[in-house]
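# Structural characterization, general
The primary structure of each chain is shown beneath.
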Amino acid sequence: MQVAEAIKNWVVEQGLQAGDRLPGEAELIERFGMAKGTIREAMRVLEAQGLIKTRTGPGGGSFVHEVSRQRAKALLANYFYFKDLTIGDIYQLRLTLEPELAAALAGHLSEDVLEQLEANIAEYSEPAKTLSEEREQHVASLRFHAILAEQAKNPLLGFVIDFMVNLLADLTVYRRLYSPPNIELWKQGRDHQRQLVIALRDGDADTARSIMADHMETAWKLMRQQEVEMESRFISE
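## Topic: the nonpolar core
General note: in soluble globular proteins, nonpolar side chains tend to be found buried as a group. Residues Leu109, Leu117, Phe144, Leu148, Leu196 and Leu200 are the most contacted members of the largest nonpolar core, which totals 46 residues. Sorting the residues of this core by element identifies helix 5 (87-105), helix 6 (111-122), helix 7 (131-150), helix 8 (155-174), helix 9 (183-202) and helix 10 (205-236) as the ones contributing at least two each. At 9 residues, helix 8 tops the list of elements feeding residues into this core. Every residue in contact with Leu148, bar those within four places of it in the chain, is listed here: Leu101, Leu105, Leu109, Leu117, Leu196, Leu200 and Met212. Residues Ile7, Leu22, Ile39 and Val45 belong to the second largest nonpolar core, which totals 15 residues.

Structure follows, in structure tokens:
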């Protein structure tokens, strides 16, 4: 693992980008002063981490590979799989970060993105009529926040918020937090998001921050009620 880290650090120091070819095995052995088996094991580790890609045949070799956002989220989600996260754990962080993201984006979103947000809200313009539709609306309403996260100028902030949205969507589905339907959660969420789009379009950072904070606090309270209901139902069963 130490050799793998050394190779990774060297790639960064050299400014290599995704798609750039890495030196051959003989050069790596000489550069890092390690045995062939050690270098090969380090390269296997880096490939398992998604940081390099190896191709065989003419023009083959080892190449720098950029870890996709989706893969990074999946790997991080594995870490939290056994952490027994609660709704409160996620919303505590969302309440800290998302109002600031909303304020930062006010007046800086293209009309295309604003229309994308409005189209997303239109997917749950009416209350769900079935439990399946209720589940889909929950996931769609969270996608609104993923769209905003994609616009973050700070890539770390955008990634963290997007990751939390994915976690919450997964929790909602596998813990059935969309059951029973909660009309107040639907109404409050839809109304907050509509107001937020107006503030974002107007470039009103303070209002955008305030609306997002209210949105997070209200959703936290109502989703916690769903969580308690689910726990009670589980115990009774």
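Alright, that's what it looks like, and here's the rest.
## Concerning helix 6
Helix length check: helix 6 (12 residues) gives 16 Å between terminal C-alpha atoms against 16 Å at 1.5 Å per residue, within 8%. Within helix 6 the residues assigned to the buried category are Val113, Leu114, Leu117, Asn120 and Ile121. Buried positions in helix 6, seen along its axis, are confined to an arc of 115 degrees and lie on one side of it.

## A few points about the side chain of His192
With respect to the helices and strands, His192 occurs in helix 9. The buried category is assigned to His192, whose relative accessible area is 9%. If we skip the residues at most four places from it in the chain, His192 touches Ile211, Asp214, His215 and Thr218.

## Digging into the packing of aromatic side chains
Scanning the model with the defined rule gives 4 aromatic pairs in all. Here Trp10 and Phe32 contribute two aromatic rings whose centre-to-centre distance is 6.5 Å and whose plane-to-plane angle is 85 degrees, an arrangement assigned as edge-to-face. Remark: Phe32 occurs in helix 2 (residues 25-32) and Trp10 occurs in helix 1 (residues 2-13); sequence separation between them is 22 residues. Neither Trp10 nor Phe32 differs from the other in exposure class; each is buried. Judged by centre distance (6.4 Å) and plane angle (5 degrees), the ring pair of Phe159 and Phe163 falls under stacked. Taken as a pair, Phe159 and Phe163 lie in helix 8 at a separation of 4 residues, close to a single helical turn. Here Phe159 and Phe163 have matching classes, each one buried.

What counts, and where the lines are drawn
Residues numbered from 1 in each chain as written. Predicted model: local features only at pLDDT ≥ 70, side-chain atom pairs only at ≥ 80, totals over all residues. Heavy atoms only, no water. Core = buried A, V, L, I, M, F, W, Y, C linked by side-chain atoms within 4.5 Å. Buried < 20%, exposed > 50% of the residue type's maximum accessible area, 1.4 Å probe, protein only. Helix = DSSP H or I, 4+ residues; strand = E, 2+ residues; numbered from the N terminus. Contact = heavy atoms within 4.5 Å. Expected span 1.5 Å × (residues − 1). Arc of directions from axis to C-beta. Phe/Tyr/Trp six-rings, centres within 6.5 Å; stacked < 30°, edge-to-face > 60°.

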